[in-house]
Amino acid sequence: MPIIRKIIPIGGSHGITIPKDWLEWIERTTGKKVTEVTLEVNGILKIAPIIEGETIP
């Protein structure tokens with residue numbers, strides 16, 4: 001089931017927030033910190049975590 005998030009103004013731009021539970025689950029599962037995310041925009045916006053110490057494929 002998709003998580004619906006509102007777009008919020010941030011300075012002169014816009015953004016979304018990442019649910020705390022999602023971030024904590026990823027960090028618990030991997031045992032590593034999430035320091036960044038990747039965005040894939042191709043008609044659908046996909047957000048994926050970048051796990052500390054791993055390279056982007």
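Residues numbered from 1 in each chain as written. Predicted model: local features only at pLDDT ≥ 70, side-chain atom pairs only at ≥ 80, totals over all residues. Heavy atoms only, no water.

**Student:** Just to check I follow, could you spell out the pattern of salt bridges for this structure?
**Tutor:** Proximity of charged atoms lets side chains of opposite charge pair with each other. Throughout the structure, instances matching the rule amount to one salt bridge. In this structure, Lys20 engages Glu24 in a salt bridge whose closest nitrogen and oxygen atoms are separated by 3.9 Å. One end of the pair is Lys20 and the other is Glu24, both in helix H1 (residues 20-30) and four residues apart, which spans about a single turn. (Salt bridge = Lys/Arg side-chain N within 4 Å of Asp/Glu carboxyl O. Helix = DSSP H or I, 4+ residues; strand = E, 2+ residues; numbered from the N terminus.)

**Student:** Just to check I follow, could you spell out a nonpolar patch on the surface for this structure?
**Tutor:** A grouping of Ile7, Ile16, Ile18, Val37, Leu39, Val41, Leu45 and Ile47 is seen on the molecular surface, where their side chains present a nonpolar patch of about 720 Å² in accessible area. Of all elements in the fold, only strand S3 (34-41) and strand S4 (45-51) reach the threshold of two or more residues within the nonpolar patch. For the nonpolar patch, the element with the most residues is S3, which contributes three residues. (Patch = residues over 30% accessible without salt bridge, like charges linked within 9 Å, V, L, I, M, F, W, Y side chains within 5 Å. Areas by Shrake-Rupley, 256 points an atom, 1.4 Å probe, with all protein chains shown as cover.)

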